[in-house]
Amino acid sequence: MRKLDETQFVRLIETIHMLGTAGTGIELSALSTETFVQIIEQASIAQLDALMEHHELRTVVLTEIFARMTAHVRADAPDAVVHWRFTGGYEEGGFSRYQTVIAGGRCTSGMVQDRDPRATVTITPSDFLKVTTGNASAPLLFIRGRVKVKGDIPFVAGLVNHFDLPSAPPGEQ
């Protein structure tokens with residue numbers, strides 16, 4: 001992935017999305033989580049920033065991450081509601097917003113924020129992609145001021161531990 005420049009990387013993701021929209025069976029949601037993680041893991045911050053500046057792909061990729069959270073939440077995860085605010089968005093205030101609800105060992109996420117959150121997290125979408133694929137530390141980003149939390153800070157610091165994060169296949173990192 002790093003051999004691609006930012007424009008080429010965005011075109012790659014755009015092509016996969018376009019093929020999926022055309023019904024070819026080649027689509028982001030059809031990729032294994034390990035492959036999806038590998039794509040994000042190998043991308044540079046500049047490539048991820050360029051991807052997140054693409055209005056449609058920003059929504060597609062973030063929605064895909066949240067959809068995959070459902071399959072990877074640990075059964076013993078505590079019940080909680082987290083609101084997400086991604087900077088550089090196209091909604092009110094310049095954010096993209098999502099909600100994650102963990103209840104009874106299950107996780108659901110979506111763009112509707114209809115419950116009171118235990119915490120609200122404000123983060124760049126590129127940093128979020130790196131954290132969710134295990135390639136960045138949320139507490140370290142918080143210390144550096146790249147993550148802002150309103151609410152239960154200790155819970156958010158350990159949130160990633162409530163999910164089984166797949167990694168890229170050995171030898172392919």
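Please refer to the structure placed before this passage.
What counts and what doesn't
- Residues numbered from 1 in each chain as written.
- Predicted model: local features only at pLDDT ≥ 70, side-chain atom pairs only at ≥ 80, totals over all residues.
- Heavy atoms only, no water.
- Helix = DSSP H or I, 4+ residues; strand = E, 2+ residues; numbered from the N terminus.
- Patch = residues over 30% accessible without salt bridge, like charges linked within 9 Å, V, L, I, M, F, W, Y side chains within 5 Å.
- Areas by Shrake-Rupley, 256 points an atom, 1.4 Å probe, with all protein chains shown as cover.
- Salt bridge = Lys/Arg side-chain N within 4 Å of Asp/Glu carboxyl O.
- Buried < 20%, exposed > 50% of the residue type's maximum accessible area, 1.4 Å probe, protein only.
- Contact = heavy atoms within 4.5 Å.
- Axes fitted to C-alpha atoms, helices over the stretch in contact; angles between N-to-C directions.
- Parallel < 35°, antiparallel > 145°, perpendicular 65-115°, else oblique.
- Nonpolar A, V, L, I, M, F, W, Y, C, P; charged D, E, K, R; others polar.

### Quick look at the environment of Gly134
- By the element assignment, Gly134 lies in the loop between helix H5 (125-132) and helix H6 (138-143).
- For the pair Gly134 and Phe66, spaced 68 residues apart in sequence, the C-alpha separation works out to 15 Å.

### A word on a nonpolar patch on the surface
- Residues Leu140, Phe142, Ile143 and Ile153 make up a contiguous nonpolar surface patch of about 360 Å² in total accessible area.
- The greatest single-element share of the nonpolar patch, amounting to three residues, is contributed by H6.
- With respect to the helices and strands, Leu140 occurs in helix H6.

### Let's talk about helix H2 (residues 33-42)
- When you tally the buried positions in H2, you get seven out of ten residues, the bulk of the element.
- Looking only at H2, the buried set comprises Thr33, Phe36, Val37, Gln38, Ile39, Ile40 and Glu41.
- Those residues of H2 hidden inside the fold are in contact with helix H1 (6-21), helix H3 (45-53), helix H4 (55-72) and H5.

### A closer look at the packing of H3 against H4
- Following both chains from N to C, one finds H3 and H4 inclined at 110°, their axes separated by 5 Å at the closest point. If you check the angle between H3 and H4, you find them roughly perpendicular. Contacts between H3 and H4 involve Leu51, Met52 and Glu53 from the former and His55, Leu57, Arg58, Val61 and Leu62 from the latter.
- Among the residues forming the contact of H3 with H4, the class breakdown is five nonpolar, one polar and two charged.

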